[in-house]
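# Fold and geometry: a report
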Amino acid sequence: MEKRSILHMLDPMPNNSPFDINMAVDAGFDVLMPYSNVKLDSVNGLTQDAIFSRGPAGVKRTAMFIGGRDIGLAIDMLAACKRAMVPPFEISVLADPSGAFTTAAALVACVEKELAVKHGKSFADCKAVVFGGTGAVGITTAVIASLAGLDVAIVDHLSLETANEIAGAYNRRFGSHIKGAFASSDAEKAGLVGDVGIIFCTAKAGVQVLNAGVLKAAKNLKVAADINAVPPLGIEGVKRSHFGAPLTHAEQSPDAVGIGALAVGDVKYKLQNKLLRLLLETEQPLYLDFREAFAKARELV
């Protein structure tokens, strides 16, 4: 009789994400085992406990998910899982802390598509800024976009030093070329968007980051994308359901289009489901992070 499928869910936070648990159930896992407050030095033991108890056939029905809120820690935990494997006792692992990897992958893939379809351009042709860029989704968005060829800066609303430190740390880790930027006032935001082709808004929910006045300064804008689904939305004029709709407030860029939170969220949901299903379907162990997520997101859009 085929063994039931098990997903071990490691999370360094006090609670595992209900969102991720729901997604894992819907992807087809029979049993979910959440672990909270997991330390990096515990990952090796937990992984080996998971792989040695089921036999070579059973490990194909066993997988691991890494959550949390710290994307650097998630990558380190994924690497620790991989090091703990003892062939043929190997299981597949997916890291997606706070949903940042799948959300950012979906966001960048949607923007890349609209840039090509509506404007006939690639990332190599544009500059971009990421507002809310020092959070988990913002950093991941910038790393993915930079590795895909985009000249991108992450914006911090409190400190240029913070933005530069974070950009430097992730550039060293992943080989990206992110820049740091700072803007707290509308005038400073207008200065940042004046010559960019792409605006990503990954700031916290319920905060309007860019109003119509700021957008009027965007003379080269091609695509503006916002992941905030809670009113007030992050970019004025970008509705939640927009996927390539005209951006009415970018008066100096009449061909600019917007992408809203529900459009990105639909791709993110399908992407996370696809990656979780891959853990069940693969014959060879997979170790999935934002890079594999972006590759699959490009296929979905």
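The preceding data block contains the structure.
My aim in this report is to walk through the structure given alongside it, one point at a time. (Residues numbered from 1 in each chain as written. Predicted model: local features only at pLDDT ≥ 70, side-chain atom pairs only at ≥ 80, totals over all residues. Heavy atoms only, no water.)

Moving on to the packing of aromatic side chains. Evaluated as defined, the whole model comprises four aromatic pairs. Centroid distance phenylalanine 101 to phenylalanine 290: 5.5 Å. Interplanar angle 70°. Geometry classified as edge-to-face. Within this pair, whereas phenylalanine 101 is found in helix α5 (residues 100-119), its partner phenylalanine 290 is found in helix α11 (residues 290-300), the two being separated by 189 residues in sequence. Phenylalanine 101 gets classed as buried once you look at its relative accessible area, which sits at 1%. A centroid spacing of 6.1 Å and a plane angle of 20° characterise the contact between tyrosine 170 and phenylalanine 174, whose relative ring orientation is stacked. Of this pair, tyrosine 170 and phenylalanine 174 both sit in helix α7 (residues 160-174), separated by four residues, roughly a single helical turn. Neither tyrosine 170 nor phenylalanine 174 differs from the other in exposure class; each is buried. Each member of the aromatic cluster is reached from another via a ring pair, and the members are Phe101, Tyr170, Phe174 and Phe290. Positioned over the ring face of phenylalanine 243 is lysine 113, at 5.7 Å from the centre of the ring. (Phe/Tyr/Trp six-rings, centres within 6.5 Å; stacked < 30°, edge-to-face > 60°. Helix = DSSP H or I, 4+ residues; strand = E, 2+ residues; numbered from the N terminus. Buried < 20%, exposed > 50% of the residue type's maximum accessible area, 1.4 Å probe, protein only. Lys NZ or Arg CZ within 6 Å of the ring centre and 35° of its normal.)

Before going further, it helps to spend a moment on the sheet that holds strand β4 (residues 92-95). Taken together, the five strands give an open sheet; going across it, the order is β2-β1-β3-β4-β12, and neighbouring strands pair in parallel fashion. With one partner strand each, in any of the chains shown, β2 (31-35) and β12 (287-288) form the two edges of the open sheet. With five bridges joining them, strand β1 (residues 6-10) and strand β3 (residues 62-66) adopt parallel strand pairing. Along β3, the bridge assignment pairs histidine 8 with methionine 64. (Pairing = 2+ DSSP bridges.)

It is worth spelling out the side chain of asparagine 228 at this point. Within the element layout of this structure, asparagine 228 appears in the loop between β9 (223-226) and β10 (243-246). A relative accessible area of 2% means that asparagine 228 is categorised as buried. From its side chain, asparagine 228 meets the backbone oxygen of proline 232 in a polar contact 3.0 Å long. Ignoring any residue separated from it by four or fewer positions in sequence, one finds asparagine 228 in contact with Lys204, Ala205, Gly206, Val207, Leu233, Gly234, Arg240 and Ala261. (Polar contact = N/O pair within 3.5 Å; in protein donor to acceptor, adjacent residues only side chain to side chain. Contact = heavy atoms within 4.5 Å.)

Another point: the nonpolar core. What tends to happen in soluble globular proteins is that the nonpolar side chains get buried as a cluster. Counting 78 residues, the largest nonpolar core has Leu7, Val111, Leu150, Ile198, Phe200 and Leu276 as the members making the most contacts within it. Ranked by the residues each element gives to this core, the list is headed by α5, at 11 residues. (Core = buried A, V, L, I, M, F, W, Y, C linked by side-chain atoms within 4.5 Å.)

Further remarks concern the side chain of aspartate 20. Tracing the backbone through its elements, the reader meets aspartate 20 in helix α1 (residues 18-27). Of the side chains with opposite charge, lysine 268 comes closest to the buried, unpaired aspartate 20, at an N-O distance of 5.6 Å. One polar contact links aspartate 20 to glutamine 272, side chain to side chain, over a distance of 3.1 Å. Not counting chain neighbours up to four residues away, the residues in contact with aspartate 20 comprise Met9, Phe65, Asp96 and Gln272. (Lys, Arg positive; Asp, Glu negative; His and termini not counted. Salt bridge = Lys/Arg side-chain N within 4 Å of Asp/Glu carboxyl O.)

Another point: unusual backbone geometry. A cis amide bond links proline 87 to the next residue, proline 88, at an omega of 5°. By the element assignment, proline 88 lies in the loop between α4 (71-84) and β4. The omega angle of the peptide bond from proline 231 to proline 232 is -5°, so this bond is cis rather than trans. As for its position among the elements, proline 232 is in the loop between β9 and β10.

It is worth spelling out α11 at this point. Within α11 the residues assigned to the buried category are Phe290, Ala293, Phe294 and Ala297. Taken down its axis, α11 places every buried residue within 100° of arc, on the same side. Turning to α11, the residues buried within the fold contact α4, α5, α6 (136-147), α7 and α10 (261-281). (Arc of directions from axis to C-beta.)

With that settled, the discussion passes to the pattern of salt bridges. Going through the model one piece at a time under the given rule, you end up with 11 salt bridges. The salt bridge involving lysine 268 is made with aspartate 96; its shortest N-O contact spans 3.8 Å. With lysine 268 in helix α10 and aspartate 96 in the loop between β4 and α5, this pair connects stretches of sequence that are 172 residues apart. Comparing lysine 268 with aspartate 96 shows no difference in burial state: the two are buried.

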